[in-house]
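# Working through the structure, step by step
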Amino acid sequence: MDPVDLALERFGLGARPGDRERMRDPVRWLTDQITPAAATHASLATFGSARDLQIAGAALSNDDRKRQAKTTFAIELKARVNVAFTTDTPFAERWVRHFSNHFSVSTRRLQTSLFVGAFEREVARAHAFGRFSDMLLASTQHPAMLAYLDNEKSIGPESTYAQRPARSNRTAQSGNVDEPGLNENLAREVLELHTLGADGGYTQDDVRALANLLTGWGSDERNQFGGGFYFDDKKHQPGSVTLLGKRYGEGLAEGVRALTDLAAHPSTARNVSRRLAKHFRIDHPAEIAALEASFIESGGRLDLLAKLAVGLGWSGAARVRTPDDWVTALVRASGGSGAYAAASRGSGRPNAERRARPEGGGRPKRDGAMQGERKSGGGGGIQRDPWVSAMRSLDQPTWGTPTPEGWADDEASWTGPEQLVRRVEVAAELAAWLTRSGSEAFTNVQQTLVPRMSVAGRTLFERAGDRTTALTLAFCAPEVLRR
Amino acid sequence: MSLSRRTLLGAGLAGTGLVAGLTGWRVALASSAAARVPNPDARFVLVLLRGGMDGMGALPRPEDGAWLSLGRSAPTGHLPLADGFALHPSLSALHPWWSEGTLAVVPAAGQPLARRSHFDAQDLLEEGGASLGAAPTGWLHRALSAMGAEGGGAAIGSGLPLVLRGEAGGGAASVDPSREPEVDAATLEAVAALWKNDAVLSSALAEASRARALAGTRSAEPASVASGQPPEMYGEGMDGESMGGKAKKGQAIVAQAEGAGKLLASSDGYRVAVIESGGWDTHSNESTQLVRLFADLAKGLVALREGLGPVWENTIIVTATEFGRTAKPNGTAGTDHGSGSAMFLAGGALRGGKVVGDWPGLSKLFEDRDLNIATDARAVFKGVMAEHMGVSRDQLDRVVFPDSAGCKGLAGLVR
């Protein structure tokens, strides 16, 4: 790939018609995007914060709260996808999405679904080009993360809350009064994924220590104190702990101090750099070491890290794009959200609906979940959204990572036989819509994708029997599947 | 993917697969130092339970004072096994298998290294090493290579688990034979031509076709089984589920198990299949979740048996999980990451109806919290690989499970 292609495809989200022709200086184009404004994206400015959502939700019944979550999620998802299709600052957007993935929260829990969009904005976007320690703190104090990793329920064994006799009703359920309520999930993932990394040199004792420090970190679900992050000292474990050889006392400030220290740990620099390098195909050990050094020397400045990263990875091997990445690039190449909107207005999509069917072959479930799905208003339409059904089919439901580890950046995870068959399905379906909608897509693709295909691929494209097949081939070209 | 595998593929597609399959076995025999004649019809299914399955929940000990004093209670309707163990009522569909000798349990199995991180522990389980990162490939892939049957493994679903991964990410195939492609044959052919010179893409596509051909799939109700637990936002209705490692939804296991069975039942097909099931990370509300999880597991194994048909007689199934859970419940009616857990063995080729391995008792807990490990999971795998699949002990000790000479394969598991 030449530098212009690399900038547009590897660092950006895919060239739109005319992007290539307009490009003067690829590195300059990238560094110009390293600004807070580019990361926060104007079109999302009107969205509420997690706090706002909590305040609104606190007044609702359980059912209404579920509806709130579904509606909010659907709107947030569409906005995010739209940003990806249309943004003029795709490198900033990719950078944001990478860190969103680094601190992955998932829609596994309904409570989390309400907040995933807000989480991305308040954690990844707000601090994308700031300091990593600020991003870490924002993440660890965010209602989405606290719900996702069960910290809401974590109670210090000697906390006030644990001592109260009324509470023993809850613990009696588990039958265990010896250890009322410490939950290590958040602490573990902070150490294993967000900061030090699995081989970063922490022990089970450290997990436990951090878990104790984080007791009481919750959110004001019922809006008793204005919503948002709320430190409940009644749940907090008293006393001091030792974490990675350092002593920390009790209280919120000590927990914050612990996170700051974790962010500054050399293993964190290594972990963050490695994950970043994988995403941007920065393979050379010396280049990865440079990222690490920058992180350590600057105290975790992500803007400096980004400036360094755009100078690296130009010779890294291309790898298959994740489904989200790939479909985004296809839509951009075809002409952006206009083409997509036109295409998705197309006639009945039985395939999309079939794919959107829940698992188990669509057999009606006894618990009524399936009935509920069809009848639900508000966010109910999301199952029919072509993006949603494509991403489900391709194993990458947006904001729905199966684990806190986030989406993988290696090729093997996305190139199983079944997965590739489904890519062809999605490509064919997208091609069909675009053809049916009579949009400029075909001309655009001839300009954006075809020139990057191999000679043999181009020949197949030209010889294809019809436009739909030709487009499908362009979408599936190895040079387009990879970045 | 290696050249020898492409050769296998080619042979399969040409329809002379049966001979090629047997030849593969004979080649393995000839080249290895094995003394034992492998069963060329042997099938093996590994069921990975991701998230840390609570073995003590699966096999309650209702008469054991020590067990009860932990704060656990045996669920009503549990069924008796042996040696004080009972079977969780949601697994009742498997109880007849115990009686007929096609089910066995290992009550305190685990891994050589204590890792309480899902991803680490799963990787360790799938790499098969004595330490993490000992091998970049999966032990089951290496076992297949040792048998000269590299093309013989299939991961059911989309996405290849580490246990079946070979070098450079190649190895076995992730296939979903329960599902027809939703694109016409002409387009698939055109894409195949486009991918002709790309090794990764072309071999993957060929493999998908082969699997469907072998399973003879034309399901009346195409099951669109997306892997990865679909989040509730996307229309599924499962509240408060914990995530469980690299997970696949519990209910998907039924469709996938049937597909796996059919695939293995074909005489020219795969010899080994891996099914994944997720959601086992029961940090809270465990008893409710286990009811559903065990029910799905039982349904899956029953569907697998049905799909296998007569080949069941030549099959051994093993369930494995990355770690067990804390012996005592936590403060949220669940359990946290532990050590010893249970493994289930099943299949017509199994000498079952027994408890395998020791029960370490509960008077001493590992690190004061977990069930101790009495049986190394690798010993179970080795026993099956050696006696059922015919992999040589030398290969097992050095290659399949590196540095594991000190871990003896369990004997007497196979009829």
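Residues numbered from 1 in each chain as written. Chains lettered and ligands numbered in written order. Predicted model: local features only at pLDDT ≥ 70, side-chain atom pairs only at ≥ 80, totals over all residues. Heavy atoms only, no water.

Once that is clear, we can look at the overall build of chain A. Along its length, chain A carries 28 helices and four strands. Burial statistics for chain A: of 483 residues in total, 62% are counted as buried. Put simply, of all contacts in chain A between residues at least 6 apart along the chain, 74% involve residues at least 24 apart. Just so you have it, chain A exposes about 17,600 Å², and 51% of that area is on carbon and sulfur atoms. (Helix = DSSP H or I, 4+ residues; strand = E, 2+ residues; numbered from the N terminus. Buried < 20%, exposed > 50% of the residue type's maximum accessible area, 1.4 Å probe, protein only. Contact = heavy atoms within 4.5 Å. Areas by Shrake-Rupley, 256 points an atom, 1.4 Å probe, with all protein chains shown as cover.)

On to the overall build of chain B. For chain B, the count of helices and strands is 13 helices and 10 strands. Residues counted as buried form 66% of the 415 residues belonging to chain B. Residue pairs at least 24 apart in sequence account for 74% of intrachain contacts in chain B once pairs closer than 6 positions are excluded. Surface summary for chain B: the accessible area is close to 13,400 Å², and the carbon and sulfur share equals 54%.

All told, the structure shown has 23 aromatic pairs over all chains when counted by the stated rule. Consider the rings of Phe11 of chain A and Phe280 of chain A, whose centres lie 5.4 Å apart with planes at 25 degrees: the pair is stacked. Here Phe11 of chain A, found in helix 1 (residues 3–11), pairs with Phe280 of chain A, found in the loop between helix 16 (266–279) and helix 17 (285–298); they are 269 residues apart in sequence, far enough to count as distant. Judged on exposure class, the residue Phe11 of chain A and its partner Phe280 of chain A are both buried. On the numbers, 5.9 Å between centres and 25 degrees between planes, the contact of Trp95 of chain A with Phe129 of chain A is stacked. With Trp95 of chain A in helix 7 (residues 90–102) and Phe129 of chain A in the loop between helix 8 (110–127) and helix 9 (132–140), this residue pair connects regions lying 34 residues apart in the sequence. Residue classification places Trp95 of chain A among the buried residues on the basis of a relative accessible area of 0%. Aromatic ring contacts, followed pair by pair, group Phe11, Phe91, Trp95, Phe99, Phe129, Phe280 and Trp314 of chain A into a single cluster. Over the ring of Tyr161 of chain A we find Lys235 of chain A, and its NZ or CZ is 5.7 Å from the ring centre. The cationic tip of Arg61 of chain B hangs over the ring face of Phe85 of chain B; the distance from NZ or CZ to the ring centre is 4.6 Å. (Phe/Tyr/Trp six-rings, centres within 6.5 Å; stacked < 30°, edge-to-face > 60°. Lys NZ or Arg CZ within 6 Å of the ring centre and 35° of its normal.)

Below, the discussion takes up helix 7 (residues 139–146) of chain B. Residues and elements named next belong to chain B. Most of helix 7 sits inside the fold, with seven of its eight residues counted as buried. Residues of helix 7 that are buried: Trp139, Leu140, His141, Arg142, Ala143, Leu144 and Ala146. Positive phi appears at Gly148, one or two residues downstream of helix 7, with a value of about 70 degrees.

With that settled, consider the confidence of the model for chain B. When pLDDT is averaged across chain B, the result is 81; 79% of the residues are at 70 or more. Predicted complex, confidence summary: ipTM 0.84, pTM 0.75. (pLDDT = per-residue confidence, 0-100.)

A separate point is empty space enclosed by the protein. Residues and elements named next belong to chain A. Inspection of every chain in the model, using the stated rule, returns 12 cavities of 30 Å³ or more. Its boundaries defined by the atoms lining it, the largest cavity holds a volume of some 370 Å³. Together, 24 residues line the largest cavity, and Arg80, Arg97, Asn101, Gln396 and Trp407 are the ones closest to its centre. Elements with a minimum of two residues in the lining of the largest cavity: helix 7, helix 8 and helix 19 (323–334). Broken down by element, the residue count for the lining of the largest cavity peaks at five residues, all from helix 7. (1 Å grid on protein atoms, 1.4 Å probe; cavity = no way out; pocket = protein on both sides within 12 Å on 5 of 7 lines; lining within 4 Å. Points joined across faces, edges and corners; volume = space filled by probe spheres on them.)

With that out of the way, let us pick up unusual backbone geometry. Residue and element names in this part refer to chain A. Unusually for a residue other than glycine, Leu244 sits at a positive phi of about 50 degrees. Within the secondary structure, Leu244 is located in the loop between strand 3 (241–243) and strand 4 (246–248). A positive phi angle, close to 65 degrees, is found at Trp399, a residue other than glycine. Considering the arrangement of structural elements, one finds Trp399 in the loop between helix 23 (386–393) and helix 24 (417–436). Accessibility expressed as a relative area gives 8% for Trp399, which makes it buried.

All names here are of chain B. The eight strands are arranged 6-5-7-1-8-9-4-10 in an open sheet whose pairing can be described as mixed. The open sheet is flanked by strand 6 (173–175) and strand 10 (375–376), the only strands paired with a single partner. Both strand 4 (residues 103–110) and strand 9 (residues 341–346) contribute to a ladder of five bridges, which runs antiparallel. Pairing of Leu103 across the sheet is with Ala346, part of strand 9. (Pairing = 2+ DSSP bridges.)

Ranked by size, the top nonpolar core spans 127 residues in total, and within it Phe91, Trp95, Phe132, Leu210, Trp326 and Phe475 of chain A together with Trp195 of chain B carry the most contacts. Of all hydrophobic cores here, the second largest spans 48 residues; its members include Val45, Leu91, Ala173 and Ala260 of chain B. (Core = buried A, V, L, I, M, F, W, Y, C linked by side-chain atoms within 4.5 Å.)

A few words on the side chain of Gln141 of chain A. Among the structural elements, Gln141 of chain A can be located in the loop between helix 9 and helix 10 (143–148). In this view, Gln141 of chain A contacts Leu146, Trp217, Phe229, Leu252 and Val256 of chain A; residues no more than four positions away in its chain are not counted.

Bringing the pairing of strand 1 (residues 43–49) of chain B into the picture now. Across a regular strand the side chains alternate sides, sitting on one face of the sheet and then on the other. Residue and element names in this part refer to chain B. Counting buried residues along strand 1, seven of its seven residues qualify, which places the element largely inside the surrounding structure. As paired elements, strand 1 and strand 8 (residues 315–321) share seven bridges and run parallel to each other. Paired with Val47 across the strands is Thr319, a residue of strand 8. With six bridges connecting them, strand 1 and strand 7 (residues 272–277) associate as parallel partners. Opposite Phe44, over in strand 7, you have Val272 as the bridge partner.

Let us now look at the pattern of salt bridges. Residue and element names in this part refer to chain A. Evaluated as defined, the whole model comprises 45 salt bridges over all chains. Arg422 serves as the salt-bridge partner of Glu418, at 3.1 Å between the closest nitrogen and oxygen. Highlighted residues: Glu418 and Arg422, both in helix 24, separated by four residues, approximately one helical turn. As far as burial versus exposure is concerned, Glu418 and Arg422 are alike and both buried. Residues joined in a network through salt bridges with shared partners are Arg80, Glu93, Arg97, Glu120, Arg125 and Asp324. (Salt bridge = Lys/Arg side-chain N within 4 Å of Asp/Glu carboxyl O.)

This brings us to the side chain of Thr87 of chain A. Within the secondary structure, Thr87 of chain A sits in the loop between helix 6 (62–86) and helix 7. Residue contacts for Thr87 of chain A: discarding those within four places in its chain leaves Leu13, Arg16, His41, Glu93 and Arg332 of chain A.

Residues and elements named next belong to chain A. Closest axis-to-axis distance for the helix 7/helix 18 (residues 302–309) pair is 12 Å, and the angle between their directions is 120 degrees. Considering their axes alone, helix 7 and helix 18 lie oblique with respect to each other. For the element pair helix 7 and helix 18, the recorded crossing hand is right-handed. Only Leu302, Leu305, Ala306 and Ala309 of helix 18 make contact with helix 7, whose side of the interface consists of Phe91, Trp95 and Phe99. Residue classes in the contact of helix 7 with helix 18 are distributed as seven nonpolar, no polar and no charged. (Axes fitted to C-alpha atoms, helices over the stretch in contact; angles between N-to-C directions. Parallel < 35°, antiparallel > 145°, perpendicular 65-115°, else oblique. Left-handed = near helix turned anticlockwise from the far one by under 90°. Nonpolar A, V, L, I, M, F, W, Y, C, P; charged D, E, K, R; others polar.)

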